[in-house]
Number of protein chains: 4
Amino acid sequence: MSKFILNINCPDKKGIIATVTNFIHLNAGNILYIDQYVDRENKLFFMRLECEFINGDFSEQQFRTTFNEAVVQQFDLNYELYNQEDRPKMALFVSKYDHCLYDILARYEADELKVEIPFILSNHEDLKGIAERFDLPFYHVPVTKETKAEAEQQQLEVLKKHEVECIVLARYMQIISPQLIEHYPNKIINIHHSFLPAFPGAKPYHSAYNRGVKIIGATSHYVTEELDAGPIIAQDITQVSHLHSVGDFIAKGRDLERIVLSKAIQLHTNRKVMVYQNKTVIFS
Amino acid sequence: MSKFILNINCPDKKGIIATVTNFIHLNAGNILYIDQYVDRENKLFFMRLECEFINGDFSEQQFRTTFNEAVVQQFDLNYELYNQEDRPKMALFVSKYDHCLYDILARYEADELKVEIPFILSNHEDLKGIAERFDLPFYHVPVTKETKAEAEQQQLEVLKKHEVECIVLARYMQIISPQLIEHYPNKIINIHHSFLPAFPGAKPYHSAYNRGVKIIGATSHYVTEELDAGPIIAQDITQVSHLHSVGDFIAKGRDLERIVLSKAIQLHTNRKVMVYQNKTVIFS
Amino acid sequence: MSKFILNINCPDKKGIIATVTNFIHLNAGNILYIDQYVDRENKLFFMRLECEFINGDFSEQQFRTTFNEAVVQQFDLNYELYNQEDRPKMALFVSKYDHCLYDILARYEADELKVEIPFILSNHEDLKGIAERFDLPFYHVPVTKETKAEAEQQQLEVLKKHEVECIVLARYMQIISPQLIEHYPNKIINIHHSFLPAFPGAKPYHSAYNRGVKIIGATSHYVTEELDAGPIIAQDITQVSHLHSVGDFIAKGRDLERIVLSKAIQLHTNRKVMVYQNKTVIFS
Amino acid sequence: MSKFILNINCPDKKGIIATVTNFIHLNAGNILYIDQYVDRENKLFFMRLECEFINGDFSEQQFRTTFNEAVVQQFDLNYELYNQEDRPKMALFVSKYDHCLYDILARYEADELKVEIPFILSNHEDLKGIAERFDLPFYHVPVTKETKAEAEQQQLEVLKKHEVECIVLARYMQIISPQLIEHYPNKIINIHHSFLPAFPGAKPYHSAYNRGVKIIGATSHYVTEELDAGPIIAQDITQVSHLHSVGDFIAKGRDLERIVLSKAIQLHTNRKVMVYQNKTVIFS
């Protein structure tokens, strides 16, 4: 038996749902889950579908071939097809902070994440010990203003070698250059320690403290060329008061960062995110 | 043009979605929204669908006739069909507390609720002035242990006369008898001032205070024979601390009750709730 | 018996708490509540204290005289003293939206707010009927670009005539000029329909929608010369998703606005807010 | 310079705050923080105070001696005095679940917890590898119905040997006997995976699922003789829907358990919790 996830988007048009569901049905498949969304303003249609085929011979390749003929052209449709058994390879980039790293690794150990983590990469050596603790390869790629291009080239080689599908910046304190981003469009997940679009850039907890806000947040988003302006995947907040110092903001923020980043990772790796117009559709 | 909401449940079987969406498609209808859910454990299928038919002649009656033939028998399917233009008649039962009443009436005035409120009914006269303020009929039906059956008979007459579809107990401090409930199964919406199943029955804020909880809640549910044990529609909570007295719990709770009850009313009247096995499916 | 609220701030110095609590004690007073906060960075001390004097002769005037001599000079101390029985006069400014107005009036009726509302003022006539419903004077003061200065003069006269202590802008869609602000410094409470500092200015729900945020908020703050940049009193948020249109944001936001504005009103009128450096200390 | 935390409770009486703050003042101490609470119903007074003495000679012993004479008898006062530099020894009891354990250890490494962890103890060997990873001693003490008394004797010896101050049950799936509890009254911190008092005992996520709640929670409390009925330290909740299976509840609950347990640990070890009448006062 084969199980697939099918993510679709196309211009909104009558009959898409009927056509797609019929397609599954006619190929002896069963729909396990369907969720759709129509952006009425922009007349765009989105759908996520999980289906299974008792006939194990209905391979991913066969699905693609049949689907292309029967459905794709008729509706000018984009789609992604994933085999439910696949575990995407997810690289971890870190600097010196360990809280997000520990959280991801603990979840990885507990099998909460449907991924394979091929390595940890850092511009510093501080967290090497943690990689060793968890028996994971650790790449130390220092980055300076001068060596940045070179360093990214080195990163790219490691990424390619390990056939990485997505990159998680677990408080990696470096700006990713457009050159690297274009290799992984909507595949690099960052955690920013503020409630975006409030307080982008450096030292958001300090800015939040100075503004006297009563709530702080964290935001996970895909990395795009514009700093902290990519499509938002997940956000969460916690309450603060005048009693809390900047240090308290940072400590409380660590919990937010952990939760929000891991939520984004789960959404991404479960194929529940579709990106368009710098926004995300998050399927349930 | 006619617009419908179609809520479906049936045993889970291959091909339901394809069949139903095809049915809409073949009758020149367009699906505006589809959401479905499968309870795998109990093998039950649920779907909510909004659709429009450009051909205004495709009436509710016609839909029912065609749908019964084409789909219903094949899948042993239960369904509810609503015309999107209809506004259900919703009666308000109150006692002496006015906060939920005010909240509902303010939303009604602001056209946040897609209902018609034909009257307010109370076992006390305290809130009569508010009914007058909002130009709504007010029925005073006193209830004592001795007159309870009689009083409910009187209530039933008023309800029938106004062709009421659902009843909201906006802090109506009386237990509804099974006789009245059976006329309005899953149509009587109550707000209970605790995080059910914690603290059912009387004085939940006092019990919460005595237990020393750090969070209090409110729960809106359909009324069933067992007190405070009906299908839960909506819940929300707020934080409390040792600093808060029972009086503070009550004051904070008022905000919860307002929000949770109005949320439940909106879910119910937008036909987003399906009940089974004393639980609710809440469509998005 | 007389009851007072005493709010203090001064440079942080040893012995303040001992001196002030001793002062109460020596004058046969009893401390009912004490809360203090020290801003270590700026070396500032804040305290809020509730106390009662069994000797009813210990009047507000007597308190001030004795306190000035015994404590104030020694610590270079600013203080506000309030009689707990006093109900501040609070004016309501509105435009066309009624949800915050209804909410405040319902709470006022339910005696949730320790204030007196002398009147409602608006630049439009739309909400006049609500004022009448609640038997409150309604002033219609139209504002155009040309007549703004004049209109504010008129507002000021009404405010003075009614001896207003604070002004609540319950979705009053006009910018308050510095001339009016300086008569009511940290006494004009606004509700802004975003999670400040994100989305200041006009149409924040539209901006939030376009940015694709997953959480929206509301912020209540004191009005200062810079638009939406005054000291924040209260904030709250709610979750949104791609499923929500701008209209849904607006509808969900109404609940936030109600809750956050009324919370700010309660904090202000219970004398739990102290302002410094464009931030607030909120006592518990 | 010496820094202390002083926690006080006594019958409410005039002049306590003045007397205590004066005491600090007269001994050349400075109050860094003061928070108090009066339970008016039971006429009980609680205070938490942080103070420093520039004169380093003012030792803990000296504080106690002077304070006993000057204050304690006069007010029939109970107090706890802690040196701010001390790190309490906190034992970790676990069974097979690793998520809370990983979370605590990661925070410990990141120096978020002001404690010393002398060992991990478990009735199973499953998590031994994690103890090794973090270079912590691991005691395997199997428990069966027959050997329970014996096992607890063994536990007690390990606890005494390491001079443990408090015990954290990080999903330790055994009931603690009264014999062990009486050695550590209000010193054993448990995490229960429900929103107590809803769903005490075994399998709360299953019960929550069956009841159809829309919110699930976790509760950290001190262990007392009655199961899951001890003083509540911290609670938190998250939203669920009909879409979530029991498995989803469990997965979502893991995040709650982590957050709530670590919050309770921080409150306890920062000496911010006082227990009375099976409830907690939590200082800010």
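Everything numeric here is computed off the predicted structure, so don't read it as measured data.

**Description of the relation of the copies chain A and chain C**
Here is step 1: Laying chain A over chain C is done by rotating through 180° and shifting 0.0 Å along the axis; what remains is an RMSD of 0.0 Å. Here the copies are linked by what is in effect a two-fold axis. Measuring from the rotation axis to each C-alpha of chain A, the shortest distance belongs to A198 of chain A, at 2.3 Å.

**Observations concerning unusual backbone geometry**
All names here are of chain B.
Here is step 1: With an omega dihedral of 10°, the bond running from L196 to P197 counts as a cis peptide bond.
Here is step 2: Along the polypeptide, P197 turns up in the loop between β9 (188–192) and α7 (204–211).
Here is step 3: Despite not being glycine, R171 has its phi angle at roughly 60°, a positive value.
Here is step 4: Structurally, R171 is set in the loop between β8 (166–169) and α6 (178–181).

**A look at the interface of chain B and chain D**
Here is step 1: In this complex, chain B contributes 31 residues to the contact, which on the side of chain D involves 31 residues.
Here is step 2: Of the roughly 2700 Å² buried between chain B and chain D, counting both surfaces, carbon and sulfur atoms make up 57%.
Here is step 3: Taken as a group, R211, K214 and H242 of chain B account for 26% of the area that chain B buries against chain D, more than any other trio of residues on that side.
Here is step 4: Joining chain B to chain D, the criterion identifies 0 salt bridges.
Here is step 5: Linking chain B with chain D are 16 residue pairs in polar contact (both at pLDDT 80 or more).
Here is step 6: Mapped by element, the contributors of at least two residues to the side of chain B that touches chain D are α7, β11 (232–239) and β13 (279–282) of chain B.
Here is step 7: With 6 residues, the single largest contributor to the side of chain B that touches chain D is β11 of chain B.
Here is step 8: Class assignment for the residues of the side of chain B that touches chain D results in 18 nonpolar, 7 polar and 6 charged.

**Re the nonpolar core**
Here is step 1: Of all hydrophobic cores here, the largest spans 202 residues; its most connected members are I104 of chain A, I104 of chain B, I104 of chain C together with I104 of chain D.
Here is step 2: Each residue touching I104 of chain D, except ones within four places of it in the same chain, is listed here: M90, L92, L113, I117, V168, A170, L261 and I265 of chain D.

**Quick word on the pairing of strand β8 (residues 166–169) of chain C**
Residues and elements named next belong to chain C.
Here is step 1: Residues of β8 alternate between two faces, with C166 and V168 on one and I167 and L169 on the opposite face, all of them buried.
Here is step 2: When strand β5 (residues 90–94) meets β8, the two strands line up parallel, connected through 4 bridges. Looking at the pairing, M90 lines up with C166 of β8.
Here is step 3: By the bridge criterion, 3 bridges tie β8 to strand β9 (residues 188–192) in an arrangement that is parallel. Note on β9: the bridge partner recorded for V168 is I189.

**Some points on the confidence of the model for chain A**
Here is step 1: Mean pLDDT for chain A: 94, with 100% of residues reaching 70 or above.
Here is step 2: The ipTM value of the predicted complex is 0.93, and its pTM value is 0.94.

**Details of the pattern of salt bridges**
Here is step 1: In the structure shown here, the tally under the stated rule is 56 salt bridges over all chains.
Here is step 2: Taking the shortest distance from any N to any O, the salt bridge between E163 of chain B and K89 of chain B comes out at 3.8 Å. Taken as a pair, E163 of chain B in the loop between α5 (148–161) and β8 and K89 of chain B in the loop between β4 (78–83) and β5 (90–94) lie far apart in primary sequence, 74 residues in all.
Here is step 3: E163 of chain B gets classed as exposed once you look at its relative accessible area, which sits at 59%.
Here is step 4: Since its relative accessible area comes to 23%, K89 of chain B is described here as partly exposed.
Here is step 5: With its nearest N and O atoms 2.7 Å apart, the salt bridge here joins D255 of chain C to R107 of chain B. With D255 of chain C in helix α8 (residues 246–269) and R107 of chain B in helix α3 (residues 99–109), this residue pair bridges two chains. Both residues of the pair, D255 of chain C and R107 of chain B, count as buried.
Here is step 6: In the salt-bridge network here, residues are joined through shared partners; they are D103, R107 and E112 of chain A together with R254, D255 and R258 of chain D.

**So, the packing of helix α7 (residues 204–211) of chain D against helix α8 (residues 246–269) of chain D**
Residues and elements named next belong to chain D.
Here is step 1: The geometry of α7 relative to α8 is characterised by a closest axis approach of 9 Å and an angle of 125° between their N-to-C directions. It follows from the interaxial angle that α7 and α8 lie oblique. Crossing hand, α7 versus α8: right-handed. Where α7 approaches α8, its residues Y205, H206, A208 and Y209 are matched on the opposing element by V246, F249, I250, G253, R254 and E257.
Here is step 2: By residue class, the composition of the contact of α7 with α8 is 6 nonpolar, 2 polar and 2 charged.

**Notes on the domain arrangement of chain A**
Residues and elements named next belong to chain A.
Here is step 1: Splitting chain A by domain gives domain 1 (2–83) and domain 2 (90–282).
Here is step 2: The partner domain 2 presents 7 residues to the 12 residues of domain 1 that form the contact.
Here is step 3: Each partner contributes to the roughly 870 Å² buried at the junction of domain 1 and domain 2, and carbon and sulfur atoms together form 60% of this total.
Here is step 4: Per-residue buried area on domain 1 facing domain 2 is highest for F46, R48 and Y82; these three make up 46% of the total on that side.
Here is step 5: Taken together, domain 1 and domain 2 are joined by 5 residue pairs in polar contact (both at pLDDT 80 or more).
Here is step 6: Elements supplying a minimum of two residues to the side of domain 1 that touches domain 2: β1 (2–11), β2 (29–39) and β3 (44–53).

**Comments concerning helix α2 (residues 60–75) of chain B**
Residue and element names in this part refer to chain B.
Here is step 1: Of all the bends in α2, the greatest measures close to 55° and is centred on N68.
Here is step 2: On its buried face, α2 is in contact with β1 (2–11), α1 (16–26), β3 (44–53) and β4.
Here is step 3: Downstream of α2 by a residue or two, D76 has a phi angle that is positive, lying close to 55°.

**Some words on the sheet that holds strand β6 (residues 120–122) of chain B**
Residues and elements named next belong to chain B.
Here is step 1: The strand order β7-β6-β5-β8-β9-β10-β11 describes an open sheet built from 7 strands, whose pairing is mixed. Sheet topology places β7 (138–140) and β11 at the edges, where each strand pairs with a single neighbour. Between one strand axis and the next, the sheet turns through 20° on average, direction left out of account.
Here is step 2: Pairing of strand β10 (residues 215–222) with β11 involves 7 bridges; the strand directions are antiparallel. Along β11, the bridge assignment pairs I215 with Q239.

**Overview of the packing of aromatic side chains**
Here is step 1: For the coordinates displayed, the defined rule picks out 66 aromatic pairs over all chains.
Here is step 2: Judged by centre distance (5.9 Å) and plane angle (85°), the ring pair of F53 of chain D and F63 of chain D falls under edge-to-face. Here F53 of chain D, found in strand β3 (residues 44–53), pairs with F63 of chain D, found in helix α2 (residues 60–75); they are 10 residues apart in sequence, far enough to count as distant.
Here is step 3: For F53 of chain D, a relative accessible area of 0% corresponds to the buried category.
Here is step 4: What makes F63 of chain D buried here is its relative accessible area of 0%.
Here is step 5: Of the aromatic side chains, those joined through ring pairs into one cluster are F4, F23, F53, F58, F63, F67 and Y79 of chain A.
Here is step 6: Sitting over the face of the ring of Y209 of chain A, K279 of chain C holds its NZ or CZ atom 3.7 Å from the ring centroid.
Here is step 7: Looking at R133 of chain D, its charged tip hangs above the ring of F134 of chain A, at a distance of 4.4 Å from the centre.

**Some remarks on the side chain of T280 of chain C**
Here is step 1: Residue placement: T280 of chain C occurs in strand β13 (residues 279–282).
Here is step 2: Among the polar contacts made by the side chain of T280 of chain C, one reaches the side chain of K214 of chain A at a distance of 2.9 Å.
Here is step 3: Engagement of the side chain of T280 of chain C in a polar contact is seen with the backbone oxygen of I232 of chain C, the distance being 2.7 Å.
Here is step 4: Excluding its chain neighbours within four sequence positions, the residues that come into contact with T280 of chain C are K214 and H242 of chain A together with Y222, P231, I232, I233, V273, M274 and V275 of chain C.

**A few points about the relation of the copies chain B and chain D**
These two copies of the chain differ by a rotation about an axis and a displacement along the same axis.
Here is step 1: Superposition record for chain B on chain D: RMSD 0.0 Å, screw rotation 180°, translation along axis 0.0 Å.
Here is step 2: The residues that chain B uses at the interface reappear at the interface of chain D in 100% of cases, marking a shared surface.

**Re the pairing of β1 of chain A**
Residue and element names in this part refer to chain A.
Here is step 1: Burial within β1 is extensive, with 7 of its 10 residues counted as buried.
Here is step 2: Pairing geometry for β1 and β3, over 10 bridges, is antiparallel. Bridge pairing in β3 links N9 to F46.
Here is step 3: Where β1 and strand β4 (residues 78–83) come together, 6 bridges link them in antiparallel fashion. Of the residues in β4, the one forming a bridge with L6 is L81.

Rules used in this analysis
- Residues numbered from 1 in each chain as written.
- Chains lettered and ligands numbered in written order.
- Predicted model: local features only at pLDDT ≥ 70, side-chain atom pairs only at ≥ 80, totals over all residues.
- Heavy atoms only, no water.
- Least-squares fit on C-alpha atoms with pLDDT ≥ 70 in both.
- Helix = DSSP H or I, 4+ residues; strand = E, 2+ residues; numbered from the N terminus.
- Contact = heavy atoms within 4.5 Å.
- Buried area = accessible area lost by both parts, 1.4 Å probe.
- Salt bridge = Lys/Arg side-chain N within 4 Å of Asp/Glu carboxyl O.
- Polar contact = N/O pair within 3.5 Å; in protein donor to acceptor, adjacent residues only side chain to side chain.
- Nonpolar A, V, L, I, M, F, W, Y, C, P; charged D, E, K, R; others polar.
- Core = buried A, V, L, I, M, F, W, Y, C linked by side-chain atoms within 4.5 Å.
- Buried < 20%, exposed > 50% of the residue type's maximum accessible area, 1.4 Å probe, protein only.
- Pairing = 2+ DSSP bridges.
- pLDDT = per-residue confidence, 0-100.
- Axes fitted to C-alpha atoms, helices over the stretch in contact; angles between N-to-C directions.
- Parallel < 35°, antiparallel > 145°, perpendicular 65-115°, else oblique.
- Left-handed = near helix turned anticlockwise from the far one by under 90°.
- Domains from an automatic or database assignment.
- Bend = angle between axes of the 7 residues up to and from the residue.
- Phe/Tyr/Trp six-rings, centres within 6.5 Å; stacked < 30°, edge-to-face > 60°.
- Lys NZ or Arg CZ within 6 Å of the ring centre and 35° of its normal.

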